[in-house]
Amino acid sequence: LRTSLVIAQYEQPGAEDHCPDAHPDIAERILARDKAGAVAAMERHLTEMQARLRLDGGEESEADIAAIFQDLGIVPKAKGGTRRGA
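Just so we're clear, the structure is a prediction, and the values are computed from it rather than from any experiment.

Q: Can you walk me through a nonpolar patch on the surface in this structure?
A: Side chains of Val6, Tyr10 and Leu55 sit close together on the surface and give an oily, nonpolar patch of about 260 Å² of accessible area. Inspection of the secondary structure puts valine 6 in helix α1 (residues 2-10).

Q: I tried to follow helix α2 (residues 19-31) on my own but got confused; where do I start?
A: Since the α-helix advances by 3.6 residues per turn, residues separated by three or four positions end up pointing in the same direction. When the terminal C-alpha atoms of α2 are compared, their 19 Å separation across 13 residues agrees well with the 18 Å that a helix rising 1.5 Å per residue should span. The elements touched by buried residues of α2 are α3 (35-51). Following α2 by one or two positions, arginine 33 adopts a phi angle in the positive range, close to 60 degrees.

Q: Would you mind going over the side chain of arginine 52 with me for this structure?
A: Its location among the elements puts arginine 52 in the loop between α3 and α4 (65-71). With relative accessibility at 7%, the residue arginine 52 sits in the buried group. A distance of 2.7 Å separates a polar atom in the side chain of arginine 52 from a polar atom in the side chain of glutamate 11. Residues within four places of arginine 52 in sequence aside, it is in contact with Ile7, Tyr10, Glu11, Gln12, Ala15, Glu16, Asp17 and Cys19.

Q: I'm lost on the side chain of histidine 45 in this one. Help?
A: Turning to its location among the elements, histidine 45 is positioned in helix α3. In contact with histidine 45, other than residues within four places in its own chain, are Cys19, Ala22, His23 and Ile26.

Q: Would you mind going over the pattern of salt bridges with me for this structure?
A: Pairing is possible between side chains of opposite charge, provided their charged atoms come close. By the definition in use, this model includes four salt bridges. Among the ionic pairs, aspartate 25 bridges to arginine 29, the shortest N-O distance being 3.0 Å. Of the two residues, aspartate 25 and arginine 29 both sit in helix α2, four residues apart, roughly one turn of that helix. For arginine 29, a relative accessible area of 27% corresponds to the partly exposed category. One salt bridge in this structure joins aspartate 25 and arginine 44, with 3.7 Å as the shortest N-O distance. Placement of aspartate 25 in helix α2 and of arginine 44 in helix α3 is noted, with a sequence separation of 19 residues between them. What you see here is one network of salt bridges that share partners, running through Asp25, Arg29, Asp34 and Arg44.

Q: Would you mind showing me how to read the environment of glutamate 48 here?
A: Mapped onto the elements, glutamate 48 comes out in helix α3. The exposure class of glutamate 48 is partly exposed, given its relative accessible area of 42%. Sequence separation between glutamate 48 and histidine 18 is 30 residues; the distance between their C-alpha atoms is 8.0 Å.

What counts, and at which threshold
- Sequence order sets the numbering: in each chain, residues are counted from 1 along the sequence as written.
- Per-residue local features of the predicted model are confined to residues with pLDDT of at least 70, and side-chain atom pairs are confined, for both listing and counting, to 80 or more; whole-chain, interface and lining totals are unaffected and use all residues.
- Note that the side-chain values use all heavy atoms of the structure and ignore hydrogens as well as water.
- Only residues whose relative accessible area exceeds 30% and that form no salt bridge are eligible for patches; like-charged ones are grouped when within 9 Å, while nonpolar side chains (Val, Leu, Ile, Met, Phe, Trp, Tyr) are grouped when within 5 Å.
- Per-residue accessibility takes into account occlusion by the displayed protein chains alone, with areas from the Shrake-Rupley method and a 1.4 Å probe.
- Definition used for salt bridges: Asp or Glu carboxyl oxygen within 4 Å of a side-chain nitrogen of Lys or Arg.
- Strands are runs of DSSP state E lasting at least two residues, helices are runs of H or I lasting at least four, and both sets are numbered from the N terminus onward.
- A helix is expected to span 1.5 Å multiplied by its residue count minus one.
- Whether two residues touch is decided by their heavy atoms; if any such pair falls within 4.5 Å, the residues are in contact.
- Relative accessibility thresholds used throughout: buried, under 20% of the residue-type maximum; exposed, over 50%; partly exposed, between the two (1.4 Å probe, protein chains only).
- Throughout this description, a polar contact denotes any pair of N or O atoms lying within 3.5 Å of each other; where both atoms belong to protein, one of them has to be capable of donating a hydrogen while the other can accept it, and for residues adjacent in sequence the pair is counted only when both atoms sit in side chains.

Here it is as structure tokens:
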């Protein structure tokens, strides 16, 4: 979940997301007990995710966490929790 928040905050505009494509490959290698292959696939996955992020302190913008969750269809409850929107 934290990774998703970091991506939502720092992702470069227009960056292509190939991350979901990596998950089946990683899982298959884990299930096959291919430790070296799983580690290599995970390292590629993390490198690709990191390449999509602006971590150089470039454009500073204040995070609007409520807007990020609203875009996902989640709205705050009255007492500070969250619930799915309609």
